[in-house]
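Single-letter residue listing:
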Amino acid sequence: MSDYKLETRNKKPDAFAERVHEADAGAARVLTLPTPVDRVVSFRGSFETLPDFGAAEELEQKLVTMMLDKGTLRRDRFAVAEALENRGVQLHFNAGGVRCGFSGRALRDDLPDVLALLAEQLREPLFDAGEFEKVKAQHAASLRRSLDNTGSQASGALARRLYPADHPNFQPDVGAMLDRLEALSVEDVRAYHAAHLGGRGLLVAFAGACDPEATARLTADTLGDWPVPTAAASFAAAADAGPPGRVEVEIADRQNLDVRFGHPVALRRDSDDFLALHLGNYVLGGNFSARLMSTVRDEQGLTYGIGSALSGVRVEYEGYWRIAVTLSGDALERGIEATREQARLFVEGGITQAELEEKKQTLTGAYKVGLATTGGLAGALLTNAERGFGVAYLDDFPRHVGALTVEQVNTAIARHLDAERLHLAVAGTLPAQHAG
């Protein structure tokens, strides 16, 4: 049994962060938030895997997570499914960037069995050769479908303009991924699991009808002694974009085209300017009342869908400013120019006091809604911990948003965004005058 150390704080019962219990459970850092919900516990977890992006190991990482529910060394996939179904539990696994994650929800009384099975799936996957071929076929079909998806193709083309192949935000060409997928064996995936999956940076968050001490002990017993892998991090943390330009991806028989604008932003999630720039971007294209929707869509009628975001921004690496718009062939160039014009006006003029106040309400309201369920609470605890923020940040976030000024937001916009640096990626059936 692994040791664990529980730190219980109970200074301000009404403060969200003060109700969170933190514990070291061997390799795992456990965060537990008891709530009045009856009998149900939600949990979210993640750990560092650090794939070699230059070697495109994110593909092995994806396949590993797809294989985790296909049986363990102790029971086949049918026995795993039966054990979960008998308890009304679903476990999900995911891969993204430098981490893999898991999530689930269970009755409190079933939590010991569910955590034991979760650990078994993570630590002792079966990697059956027959199941692996099915997973490969499933993923290959998904990749081939993406070839007809204009949004996916435009996003991938933009990412390849902005990032080197060893950056986590880079998206390999689908053809190259299909070739590499075909060449991979179950032994390759088993080797990736052995080298990269383990208790490095392991975080687990629980919310609901859970006892903090018992939950920490369960985590220590099941995951606390998960060995830490030795594979070193190997990825670029910054973009490597050339001069702004345009790339087109021809896809036959599409009524609409998807367009992506973007340029790298030298900003990480824990940068001082992040929150101000996040709010500023929300004014431009964060929701239906944002500028891009009210001008390019509502006033000019050029699109049904348009928005902007800060994408791929993590504490480990920098991200990019992205504008996405769907346009008909007839409106393609007018829509592109109208979008560029709004980007220019936004960068040159910044936001107004009225826009600032409106988006403060939107962001803080959405934040509170996201904390309305045990799943949302567990997710917020996990994400906050992944960023290296203290639990108190969860209480402070609305205050940080409320304290932002127009000057801070407009300074961040001027410092990080430049409409003249935007790259352009277009995917769909190109009008004849622009094809090729």
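See above for the structure.
This section reports on the structure supplied with the text. Predicted model, so just to flag it, every value in this text is computed and none were measured.

What to know about the overall build of the protein chain
No. 1: The helix and strand tally for the protein chain stands at 15 helices and 12 strands.
No. 2: Over its C-alpha trace the protein chain gives a radius of gyration of 23 Å, about what one expects of a compact globule, namely 22 Å for 436 residues.
No. 3: C-alpha atoms of the protein chain, sized along the principal axes, occupy 65 × 55 × 35 Å.
No. 4: A burial count over the protein chain gives 53% of its 436 residues as buried.
No. 5: A fraction of 81% describes how many contacts in the protein chain between residues 6 or more apart in sequence connect residues 24 or more apart.
No. 6: Surface summary for the protein chain: the accessible area is close to 19100 Å², and the carbon and sulfur share equals 48%.
No. 7: Counting 47 positive and 61 negative side-chain charges, the protein chain places the averaged centre of each group 3 Å from the other.

As for the packing of aromatic side chains
No. 1: Evaluation of the coordinates by the stated rule reveals nine aromatic pairs.
No. 2: An angle of 70 degrees between the planes, with centres 5.7 Å apart, marks the rings of tyrosine 163 and tyrosine 320 as edge-to-face. With tyrosine 163 in the loop between α5 (150-162) and α6 (174-183) and tyrosine 320 in strand β11 (residues 319-328), this residue pair connects regions lying 157 residues apart in the sequence.
No. 3: Taking the relative accessible area as the measure of exposure, tyrosine 163 reaches 3% and is therefore buried.
No. 4: Using a relative accessible area of 8% as the deciding quantity, one classes tyrosine 320 as buried.
No. 5: An aromatic cluster is defined as three or more aromatic residues linked by ring pairs; in this entry it consists of Tyr367, Phe389, Tyr393 and Phe397.
No. 6: When the ring centre of phenylalanine 78 is taken as reference, the NZ or CZ atom of arginine 77 above it lies at 5.0 Å.

Remarks on α5
No. 1: For α5, built from 13 residues, the straight-helix expectation of 18 Å at 1.5 Å per residue is met to within 8% by its first-to-last C-alpha distance of 19 Å.
No. 2: Listed in full, the buried residues belonging to α5 are Thr150, Gly151, Gln153, Ala154, Ser155, Gly156, Ala157, Leu158, Ala159 and Leu162.
No. 3: Where the residues of α5 are buried, they touch α4 (129-146), α6, β8 (246-250), β9 (256-265), β11 and β12 (423-428).
No. 4: The N-cap residue of α5 is asparagine 149: its side-chain oxygen and the backbone nitrogen of glycine 151 are 2.9 Å apart.

Comments concerning the sheet that holds β9
No. 1: Taken in spatial order, the five strands of this open sheet run β8-β12-β9-β11-β10, and their pairing is mixed. Since the sheet does not close on itself, it has two edges, and those belong to β8 and β10 (306-311), each with one partner. Geometrically, the sheet is characterised by an average inter-axis angle of 15 degrees between neighbouring strands, direction not taken into account.
No. 2: As paired strands, β10 and β11 are joined by six bridges and run antiparallel to one another.

Overview of the packing of α4 against α6
No. 1: Axis separation between α4 and α6 bottoms out at 10 Å; the angle between their running directions is 170 degrees. As judged from the angle between their axes, α4 and α6 are roughly antiparallel. Here α4 contributes Lys136, His139, Ala140, Leu143, Arg144 and Ser146 to the contact with α6, which in turn contributes Val174, Met177, Leu178, Leu181 and Glu182.
No. 2: A breakdown of the residues in the contact of α4 with α6 according to their chemical character gives six nonpolar, two polar and three charged.

Describing the packing of helix α12 (residues 353-370) against helix α14 (residues 392-403)
No. 1: At a minimum axis separation of 9 Å, α12 and α14 run at an interaxial angle of 170 degrees. Taken together, the axis directions place α12 and α14 in an arrangement best described as roughly antiparallel. Contacts from Lys360, Leu363, Thr364 and Tyr367 in α12 reach Leu394, Asp395, Phe397, Pro398, Val401, Gly402 and Ala403 in α14.
No. 2: Split into classes, the residues belonging to the contact of α12 with α14 amount to seven nonpolar, two polar and two charged.

Regarding the environment of arginine 269
No. 1: Within the secondary structure, arginine 269 sits in the loop between β9 and α9 (274-285).
No. 2: Taking relative accessible area as the criterion, arginine 269 reaches 8% and is therefore assigned buried.
No. 3: Here the alpha-carbon distance between arginine 269 and arginine 387, two residues 118 residues apart in the chain, equals 7.4 Å.
No. 4: Each residue touching arginine 269, except ones within four places of it in the same chain, is listed here: Phe274, Val313, Arg314, Val315, Arg387, Phe389 and Tyr393.

Analysis parameters
Residues numbered from 1 in each chain as written. Predicted model: local features only at pLDDT ≥ 70, side-chain atom pairs only at ≥ 80, totals over all residues. Heavy atoms only, no water. Helix = DSSP H or I, 4+ residues; strand = E, 2+ residues; numbered from the N terminus. Rg over C-alpha atoms; globule rule 2.2 N^0.38 Å. Buried < 20%, exposed > 50% of the residue type's maximum accessible area, 1.4 Å probe, protein only. Contact = heavy atoms within 4.5 Å. Areas by Shrake-Rupley, 256 points an atom, 1.4 Å probe, with all protein chains shown as cover. Lys, Arg positive; Asp, Glu negative; His and termini not counted. Charge placed at Lys NZ, Arg CZ, Asp CG, Glu CD. Phe/Tyr/Trp six-rings, centres within 6.5 Å; stacked < 30°, edge-to-face > 60°. Lys NZ or Arg CZ within 6 Å of the ring centre and 35° of its normal. Expected span 1.5 Å × (residues − 1). Polar contact = N/O pair within 3.5 Å; in protein donor to acceptor, adjacent residues only side chain to side chain. Pairing = 2+ DSSP bridges. Axes fitted to C-alpha atoms, helices over the stretch in contact; angles between N-to-C directions. Parallel < 35°, antiparallel > 145°, perpendicular 65-115°, else oblique. Nonpolar A, V, L, I, M, F, W, Y, C, P; charged D, E, K, R; others polar.

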